[in-house]
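The residues making up each chain are set out below.
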Amino acid sequence: MKIWVDADACPVVIKEILFRAAERTHTETILVANHAMRIPPSKYISRLQVSSGFDVADNEIVKRIAANDLVITGDIPLASEVIDNGAQALNPRGELYTSENIRSLLNVRDFMDTMRSSGVEMGGGPPPLSQSDRQNFANNLDRILAKNK
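Everything quoted here is computed from the prediction, not taken from an experiment.

Undergrad: Summarise unusual backbone geometry; cite the residues concerned and give the values.
TA: The phi dihedral of D55 is positive, around 65°, even though this residue is not glycine. Structurally, D55 is set in the loop between β3 (45-49) and α2 (56-64). Overall, D55 belongs to the partly exposed group, its relative accessible area being 30%. Even without glycine at this site, N68 takes up a positive phi of about 75°. Residue placement: N68 occurs in the loop between α2 and β4 (70-72).

Here is the structure:
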């Protein structure tokens, strides 16, 4: 099992949790982004820089994942592709995307996108990560890693 991180939008605090988990569990963790980023020196943590462009990082992740890999992303369409390819997807707030919940999440996302496109004000985006979000992410990550070892 490998962990793939959609790193362009992944919060720093979540990356730090991932770095500690990679070292503790000896799990290969790859951060995919279209910009350079610093990562700690580790034989378990690497980065893959892709060119800029719409969904370039997402497409690279989908191309490289294997069944039972884990992808960290807040991107619902990417999570859907990950699930369709037999891998797992976890968002930075700790919500596990599943075949049971991904279709309804895609529907809500598409509805909100349609509303924004038609000029309806939809608010300022998601709230900042809370301490409980961080804890939920860490707990679900630990469960997934324990199950796959």
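Undergrad: Would you mind going over helix α3 (residues 76-84) in detail, with residue names and values included?
TA: For α3, every residue scored as buried is listed here: I76, L78, A79, S80, V82 and I83. A distance of 2.9 Å separates the backbone nitrogen of L78 from a side-chain oxygen at the start of α3, and that oxygen is part of D75. Remark: G86 follows α3 within two positions and exhibits a positive phi of approximately 85°.

Undergrad: Pulling in residues and values, what's your account of the packing of helix α1 (residues 12-25) against helix α5 (residues 131-147)?
TA: Between two packed helices, both the angle of their axes relative to each other and the distance between the axes serve to describe the pair. Taken N-terminus to C-terminus, the directions of α1 and α5 make an angle of 25°; their axes are 11 Å apart at the nearest point. On the basis of their axis angle, the class for α1 and α5 is roughly parallel. Once α1 is placed against α5, the crossing between them reads as right-handed. Residues V13, I14, I17, L18, A21, R24 and T25 of α1 form the contact with α5, whose participating residues are R134, F137, A138, L141, D142 and L145. Its residues assigned to classes, the contact of α1 with α5 shows 9 nonpolar, 1 polar and 3 charged.

Undergrad: How would you sum up the sheet that holds strand β6 (residues 96-97)? Please name residues and give values.
TA: Read from one edge to the other, the open sheet built from 6 strands follows the order β3-β2-β1-β4-β5-β6, with strand pairing classed as mixed. Only two strands of the sheet have a single partner each, and these edge strands are β3 and β6. The pairing of strand β1 (residues 3-6) with strand β2 (residues 29-33) spans 4 bridges and is classified as parallel. Looking at β2, one finds that W4 is bridged to I30. In this fold α2 packs onto β1, β2, β3 and β4, with an angle of close to 165° to the strand it touches most, β1. Strands in contact with α5 are β1, β4, β5 (88-90) and β6; relative to β5, the strand with the most contacts, it is inclined by about 160°.

Undergrad: Which residues make up the pattern of salt bridges, and what values go with them?
TA: According to the stated counting rule, one finds 5 salt bridges in the structure shown. For E60, the salt bridge goes to K63, with nearest N and O atoms at 3.5 Å. Taken together, the residues span about one helical turn, with E60 and K63 both in helix α2 at a distance of 3 residues. Classification of E60 as buried rests on a relative accessible area of 15%. In this structure, R64 engages E60 in a salt bridge whose closest nitrogen and oxygen atoms are separated by 2.5 Å. Separated by 4 residues within a single helix, R64 and E60 lie in helix α2, roughly one turn from each other. On the accessibility criterion, R64 (43% relative accessible area) is partly exposed. A single network of salt bridges, built from pairs that share partners, joins E60, K63 and R64.

Calculation notes
- Residues numbered from 1 in each chain as written.
- Predicted model: local features only at pLDDT ≥ 70, side-chain atom pairs only at ≥ 80, totals over all residues.
- Heavy atoms only, no water.
- Helix = DSSP H or I, 4+ residues; strand = E, 2+ residues; numbered from the N terminus.
- Buried < 20%, exposed > 50% of the residue type's maximum accessible area, 1.4 Å probe, protein only.
- Polar contact = N/O pair within 3.5 Å; in protein donor to acceptor, adjacent residues only side chain to side chain.
- Axes fitted to C-alpha atoms, helices over the stretch in contact; angles between N-to-C directions.
- Parallel < 35°, antiparallel > 145°, perpendicular 65-115°, else oblique.
- Left-handed = near helix turned anticlockwise from the far one by under 90°.
- Contact = heavy atoms within 4.5 Å.
- Nonpolar A, V, L, I, M, F, W, Y, C, P; charged D, E, K, R; others polar.
- Pairing = 2+ DSSP bridges.
- Salt bridge = Lys/Arg side-chain N within 4 Å of Asp/Glu carboxyl O.

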